[in-house]
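Here's the letter readout for the chains.
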Amino acid sequence: MDPFDAGAGGLLRQPKAVWATAGASVVAFMGIGLVDPILPSIAQGLDATAGQVSLLFTSYFLITAFAMLVTGFVSSRIGGRRTLLLGLALVVVFAGLAGTSDTVGQLVGYRAGWGLGNALFVSTALAVIVGAAAGGSAAAILLYESALGLGMACGPLLGALLGDASWRYPFFGTAALMAIGFLGITVLLKEQPKPARRTSLLDPLKALGHGGLASVAASAFFYNYTFFTVLAFTPFVLDMTPYASGAVFFAWGLLLAVFSVLVAPRLQRRFGSLKVLGGSLLLLAADVLVLGYGGHTTAVVCTILSGAFIGVNNTVYTELALGVSDAPRPVASAGYNFVRWFAAAAAPFFAPRIEEWTDIHVPFVVAAVTVVLGAVVVAVRREALTHEAAETEPRHAAEDGVTVFAN
């Protein structure tokens, strides 16, 4: 069945609760790339270095990684709806506080609180969308990836538009949008059924004992280092005005959205998920190398082009993480995200420091090497990933159409 079919169960025919959750997810993902075009402005406004400002990403994703161990624990006790609302409330508070920061230390701390709220919301949103969507997990995952791509595209644009007046305004704008999302979830989403068995704090770590899931997480760890080198370090390399940088990353996000939703599924049907993933990872490595060694125009083009490969990778990784093991989807997702978000925290921290120790090119060489390592993991574990994914496909097919909180 085509997930884009406008008929019952198609991507475009979803309950209002699903659209409300997806809409709030767009704003949540906007928060990731929001600071991209204003990183130089923040550094100038708070008299901070590139390395210090990059900690906005590091604190955000470090807290997000550890929060993945908590999200299932919380949602299995208070329910998916309340977990979404708790996450949204934390984002509203800490995004608003971030706009009042007087020092880079305060801003980094508020971003950490923002990361906790975003982790509670984003991880639960995927489970809620998969559980409530019509048409099974295929349409739900594509809808989630659409929200991710749209948020990634609009985040830098919003940051540029509001940040041109003041670097503080994008944070206030995000707080306002998330407050609207809070109201939408409150009105449109009914409480999700709680699981028969509550999730413990260790369940995501236990899930990583599954060889297939551990392999996906390890490969995604290396890939995410590259992903967030592009996202967090490239704005300093491009050294453009907020409007110009916002336009670059808006185009980047559009490619990410198009390739994650429209291109990746078609490539998977024709070539298979693992071939598509391996090829896309290698192409991203080549793109990042050219980005690092090319001139300014080449760097702009390669930055935008990387969105295509990142979009394909995101879709395939999400499907593998949710389908490769016998763990419940929320638990598998939490374990997978726990591992990969550490790389998202590491890349913004190490990239500017590698530049200080060496030169502007080496951070991109490191990023190219890490994404190749991700492809190597896929190649080495290919047989196990293929076998285990096929083995669990019938079970997950049976889960489609019911809440993913059910064990």
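Residues numbered from 1 in each chain as written. Predicted model: local features only at pLDDT ≥ 70, side-chain atom pairs only at ≥ 80, totals over all residues. Heavy atoms only, no water.

Considerations on the overall build of the chain
- A tally of regular secondary structure across the chain gives 16 helices and 0 strands.
- Counting all 407 residues of the chain, 59% fall into the buried class.
- Taken as a whole, the chain presents about 14,900 Å² of accessible surface, with 68% of it coming from carbon and sulfur. (Helix = DSSP H or I, 4+ residues; strand = E, 2+ residues; numbered from the N terminus. Buried < 20%, exposed > 50% of the residue type's maximum accessible area, 1.4 Å probe, protein only. Areas by Shrake-Rupley, 256 points an atom, 1.4 Å probe, with all protein chains shown as cover.)

Details of the packing of aromatic side chains
- In the structure shown here, the tally under the stated rule is 18 aromatic pairs.
- For the ring pair Phe 66 and Phe 342, a centre distance of 5.2 Å and an interplane angle of 90 degrees mean the geometry is edge-to-face. Of this pair, Phe 66 sits in helix 4 (residues 55-78) while Phe 342 sits in helix 14 (residues 329-357); the two residues are 276 residues apart in sequence, bridging distant segments of the chain.
- For Phe 66, a relative accessible area of 45% translates into the label partly exposed.
- On the numbers, 5.3 Å between centres and 25 degrees between planes, the contact of Tyr 223 with Tyr 317 is stacked. One end of the pair, Tyr 223, is in helix 10 (residues 211-238); the other, Tyr 317, is in helix 13 (residues 296-323), and 94 residues separate them in sequence. Here the two residues Tyr 223 and Tyr 317 agree in accessibility, since each one is buried.
- Taken together, Tyr 60, Phe 61, Trp 114, Trp 167, Phe 171, Tyr 223, Phe 227, Phe 228, Phe 249, Trp 252, Tyr 317 and Trp 341 form an aromatic cluster joined through their ring pairs.
- The ring centre of Trp 114 lies 4.8 Å from the NZ or CZ of Arg 111, which sits over that ring. (Phe/Tyr/Trp six-rings, centres within 6.5 Å; stacked < 30°, edge-to-face > 60°. Lys NZ or Arg CZ within 6 Å of the ring centre and 35° of its normal.)

Describing helix 12 (residues 273-293)
- Taking 1.5 Å per residue, 21 residues should reach 30 Å; helix 12 reaches 31 Å between its end C-alpha atoms and fits that length.
- Those residues of helix 12 lying buried are Leu 274, Val 276, Leu 277, Gly 278, Ser 280, Leu 281, Leu 284, Ala 285, Asp 287, Val 288, Leu 291 and Gly 292. (Expected span 1.5 Å × (residues − 1).)

Examining the nonpolar core
- Core analysis: the biggest nonpolar cluster contains 120 residues, and Ile 42, Phe 61, Phe 171, Phe 228 and Trp 252 have the highest contact counts within it.
- Tallying contributions element by element places helix 10 first for this core, with 13 residues.
- Phe 171 has contacts with Leu 34, Val 35, Ile 38, Ile 42, Ala 95, Gly 96, Ala 98, Gly 99, Leu 107 and Trp 114, leaving out every residue within four places of it along the chain. (Core = buried A, V, L, I, M, F, W, Y, C linked by side-chain atoms within 4.5 Å. Contact = heavy atoms within 4.5 Å.)

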